[in-house]
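The chain contents come next:
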Amino acid sequence: MSFLSIFKRTLKETYRDALALLFLLAFPLVFMLLFGFAFGGEISVNYGVGIVDNDQSEISKGFTDNALQSADMLTVKNYASADDALANIKLGNISSYIVIPEGFGEEVMLIWQKLPGEIKLDLIYDESDLSTASNIISIINSVARSYANIEIPITVKTNPINIESKITQMDFIAPGIIVFGLLIMIPTAGRIMLRDKGTRFLQRMMTTPTRPWEFIVGYSLSMVIIAIIQVFVFILLGWLFGMDIIGNIWLALVIFVLTSLCSIGIGMVIASLAKSENQGEALSWLFSMPLAIISGVWFSIEFLPSYVRIFADSFPYSHAVSAARAIITRGAGIEAIGSDLLFLVIWTIAVFVVGTFFFRRNMRS
Amino acid sequence: MITETPLFEAKPDDSFAIQTFNLTRIFGKVVAVDNINLNVKKGELFAFLGPNGAGKTTSISMLCCLLKPSSGTALVMGHDINKSPYQVKSVIGVSPQDTTLSDFLTPIENLELFGNLHRLPPKQVKERARELVETMGLEDRANDQVRRFSGGMKRRLNIAMALINDPPLIILDEPTLGLDPQSRRVVWKYIARLKKEKTVLLTTHYLEEADFLADRIGIIDGGKIVALGTALDLKTDMIDTRTIVVKAWNLAQKTIAQLQEKYEDVQVSNGTMTITDKQVDFKEIVDYLHNSGAIIRSAHIKEPTLDDVFINITGKELRE
């Protein structure tokens, strides 16, 4: 099996070159931390809010359909039950929901008539998204106040979803950072192939009856091992910083491994196309840095123009981030992230097919 | 001039290891290899001799299926380089111009890698790798990483790697480039040993190398084969002049002038006279000088070298 021989050789070249190996493992880590501290946080301008109207009075309908709908920063969706709304938080369709209790309309009427009354709203939000949650509380508070047209504050009963454990800021940031770490594997993935191009060792191997796919698979496999080690290091590091995985860790691992395969595949495509090591390196940085920024690894990409988002969504990383975030912070299962998972699988297969195609074309120039 | 791909079907001839049919490669506007038609017999050591940039490596790259011909084709051990590149690759062993080894691997590991890439059975790979390390005199360093090797050792391993699959055709691109004369002799010895069993195609820009090793030489310049034959054929056929070198005291100006009138080229410097012409009679010249009062210290006929052949054909020196 030629690809196994190439794999074994690349692995030996990698671990015997201690400095390069250190660089390979430490580099994404340093980058991750550096960018993590620089960009950690969340900017978002539009929030999906679910409404569960148990009152069904004129006043409650007016509150939701007129007051909340007209708030610029909210997208309001109606749900029949609290369970339904909670399921949609997990799917990532909304970031919070309001339960309007029975008797809401009557209480509002009492207050309008200057009689004693208590207005109560239950707001349930995804606490993993801390800044979003606090923004929603203040938006709903002010909407309610202006709708009721009175100075008495409405008690918003915040009801954070603490499904299994305490959720921290790190839970939100870590999945993005991990995906970033996997994204910047692009420049390192093609390193050995590009070096072999430079020394013409690759050309020498091409004088044997080895097929293009065997080269691509052979060169990729050693990087897959490095990628798996990296994923574990990243998760461990996230855990040390206080990240808890609510969902299925194996599902998260599958997402991360697929993401790393995509990076390796892109690295292979670039290495197959590039004429020299310098060219390949420049090309991969030029490609991966902007992609990192628009893929939502550091902040929400909702404020980006739609064409940029469409471009970003055509690459695996924005899908990886949202799927990983859903699993880690909301405990989403395969039914919620299925489409992202499928996208990653298709992308992985496609990028390796494309890589092999370019390699074959380059093999006999 | 470049012609179209020939319409004739390349017909395999069993007695040839390599047959090229109007083999041509163009890079942009540069014609690197220009309609080469060449037959290399099985069991022959054939040398491509030419200066840097003559088209030697380009020709070899096409024969190894690393480069597609712009037009024309070649048969390597009967396999068409355009139609069946993988069959071609399985019957050749290539030692490229640059020493290309995997630096962090030992010589055994380097050899085994190529044995595996040639899809040899694992047991055979191990045996051949061991054998070749011994043949090349590297057994003491068999388990050291190649990056710690000297240039000469790397060169020897570079050649050994072309032999791991025991191919019927071995292609050596500048096998002694950059080696000191002593190491070069060692490599020559190995190549000479190969020549008895294998077909060897060698490129070089060292005249002595081609002269010493090759059964036949093809002189290549500007992408064309400008002369073809054994070293002796080339020297006798291509050089139609002879040169006589005489060292003498007391050479009179008058004598020199008279000789310059008679012969095409007469040069004198520091008491050494070099006379070149199509017809020079050694005895006549020596007698003439003697009678004119010159005291002859030595006189000999200079054998033509391949360099002379090269200058004669291309009008320039091989080493620039």
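Residues numbered from 1 in each chain as written. Chains lettered and ligands numbered in written order. Predicted model: local features only at pLDDT ≥ 70, side-chain atom pairs only at ≥ 80, totals over all residues. Heavy atoms only, no water.

Draft legend 1. Unusual backbone geometry, seen in detail. The phi dihedral of Arg200(A) is positive, around 70°, even though this residue is not glycine. Owing to a relative accessible area of 38%, Arg200(A) belongs among the partly exposed residues under this scheme. Even without glycine at this site, Met77(B) takes up a positive phi of about 45°. Mapped onto the fold, Met77(B) is located in the loop between β4 (71-76) and β5 (79-80). (Buried < 20%, exposed > 50% of the residue type's maximum accessible area, 1.4 Å probe, protein only. Helix = DSSP H or I, 4+ residues; strand = E, 2+ residues; numbered from the N terminus.)

Draft legend 2. Representation of the packing of helix α1 (residues 2-16) of chain A against helix α3 (residues 107-117) of chain B. Where α1(A) meets α3(B), the closest approach of the two axes is 8 Å, and the angle between their N-to-C directions is 155°. By the angle class used here, α1(A) and α3(B) are roughly antiparallel. In the crossing of α1(A) with α3(B), the sense of the turn from one axis to the other is left-handed. Here α1(A) contributes Ser2(A), Ser5(A), Ile6(A), Arg9(A), Lys12(A) and Arg16(A) to the contact with α3(B), which in turn contributes Glu109(B), Leu113(B), Asn116(B) and Leu117(B). Among the residues forming the contact of α1(A) with α3(B), the class breakdown is three nonpolar, three polar and four charged. (Axes fitted to C-alpha atoms, helices over the stretch in contact; angles between N-to-C directions. Parallel < 35°, antiparallel > 145°, perpendicular 65-115°, else oblique. Left-handed = near helix turned anticlockwise from the far one by under 90°. Contact = heavy atoms within 4.5 Å. Nonpolar A, V, L, I, M, F, W, Y, C, P; charged D, E, K, R; others polar.)

Draft legend 3. A look at the interface of chain B and chain A. Every contact between the two is made by 38 residues of chain B and, on the other side, 25 residues of chain A. Between chain B and chain A lies a buried interface of about 2,800 Å² when both sides are counted; carbon and sulfur atoms form 55% of it. Looking at the side of chain B facing chain A, the largest losses of area belong to Leu66(B), Tyr86(B) and Phe104(B), adding up to 25% of the total buried there. At the boundary of chain B with chain A, the tally comes to four salt bridges. Linking Glu109(B) and Lys12(A) is a salt bridge whose minimum nitrogen-to-oxygen distance equals 3.3 Å. Applying the counting criterion to the chain B and chain A interface returns 15 residue pairs in polar contact (both at pLDDT 80 or more). Of all the elements in the fold, those that place two or more residues in the side of chain B that touches chain A are α2 (85-90), β6 (92-95) and α3 of chain B. Of the residues forming the side of chain B that touches chain A, the biggest block, six residues, is contributed by α3(B). (Buried area = accessible area lost by both parts, 1.4 Å probe. Salt bridge = Lys/Arg side-chain N within 4 Å of Asp/Glu carboxyl O. Polar contact = N/O pair within 3.5 Å; in protein donor to acceptor, adjacent residues only side chain to side chain.)

Draft legend 4. Representation of the pairing of strand β7 (residues 169-173) of chain B. Residues and elements named next belong to chain B. Of all five residues that make up β7, five are buried, and the element is covered over most of its length. Side chains Leu169, Ile171 and Asp173 of β7 all project onto a buried face; the interleaved residues Ile170 and Leu172 project onto the opposite face, where all are buried too. Judged from the four bridges that link them, β6 and β7 form a sheet pairing that is parallel. Within β7, the residue paired with Gly93 across the bridge is Ile170. Examined bridge by bridge, β7 and strand β8 (residues 199-204) share five bridges and lie parallel to one another. Bridged to Leu169 within β8 is Thr199. Taking the sense of rotation as the criterion, the β-α-β connection linking β7, helix α6 (residues 181-194) and β8 turns out right-handed. (Pairing = 2+ DSSP bridges. Right-handed = clockwise from strand over helix to strand, strands pointing away.)

Draft legend 5. Summary view of the environment of Asp140(B). Summarising the element assignment, Asp140(B) is placed in the loop between α4 (122-135) and α5 (151-160). Taking the C-alpha atoms as reference points, Asp140(B) and Thr176(B), separated by 36 residues in sequence, lie 22 Å from one another.

Draft legend 6. Representation of the confidence of the model for chain A in the model. Residue and element names in this part refer to chain A. Summing up the model confidence of chain A, the mean pLDDT is 81 and the portion of residues at 70 or higher is 83%. Taken together, the stretch residues 40-44 has pLDDT below 50 and engages in 18 contacts with residues farther than four places along the chain or on a different chain. Counted against residues more than four places away or in other chains, residues 162-167, with its pLDDT under 50, gives 14 contacts. (pLDDT = per-residue confidence, 0-100.)

Draft legend 7. Focus on the sheet that holds β4(B). Residue and element names in this part refer to chain B. An order of β2-β1-β4-β5 is seen for the four strands of this open sheet, with the pairing classed as antiparallel. Either end of the sheet is taken by a strand with one partner, and the two such strands are β2 (30-41) and β5. Inspection of the sheet shows β4 paired to β5 by two bridges, in the antiparallel sense. The partner of Leu75 across the bridge, within β5, is Asp80. Here helix α1 (residues 56-63) sits on the sheet and contacts β1 (16-27), β2 and β4; the angle it forms with β1, its principal contact strand, is near 115°.

Draft legend 8. Structural view of the packing of aromatic side chains. Summed over all chains, the structure comprises ten aromatic pairs over all chains. An aromatic cluster of three or more residues is present, and its members are Phe287(A), Phe311(A), Phe315(A) and Trp347(A). Taking NZ or CZ as reference, Arg204(A) lies 5.5 Å from the ring centre of Phe114(B), over its face. When the ring centre of Phe212(B) is taken as reference, the NZ or CZ atom of Arg185(B) above it lies at 5.8 Å. (Phe/Tyr/Trp six-rings, centres within 6.5 Å; stacked < 30°, edge-to-face > 60°. Lys NZ or Arg CZ within 6 Å of the ring centre and 35° of its normal.)

Draft legend 9. Representation of the sheet that holds strand β13 (residues 272-277) of chain B within the structure. Residues and elements named next belong to chain B. Taking strand neighbours across the sheet as the criterion, the four strands line up as β12-β13-β11-β14 in an open arrangement whose pairing is antiparallel. Lying at the two open borders of the sheet, with one neighbouring strand each, are β12 (265-269) and β14 (295-302). Between one strand axis and the next, the sheet turns by 15° as a mean value, whatever way the strands run. When strand β11 (residues 242-249) meets β13, the two strands line up antiparallel, connected through six bridges. Paired with Thr243 across the bridge in β13 is Thr276. Across the sheet, helix α10 (residues 282-291) touches β11, β13 and β14, and the angle it forms with β14 is around 165°.

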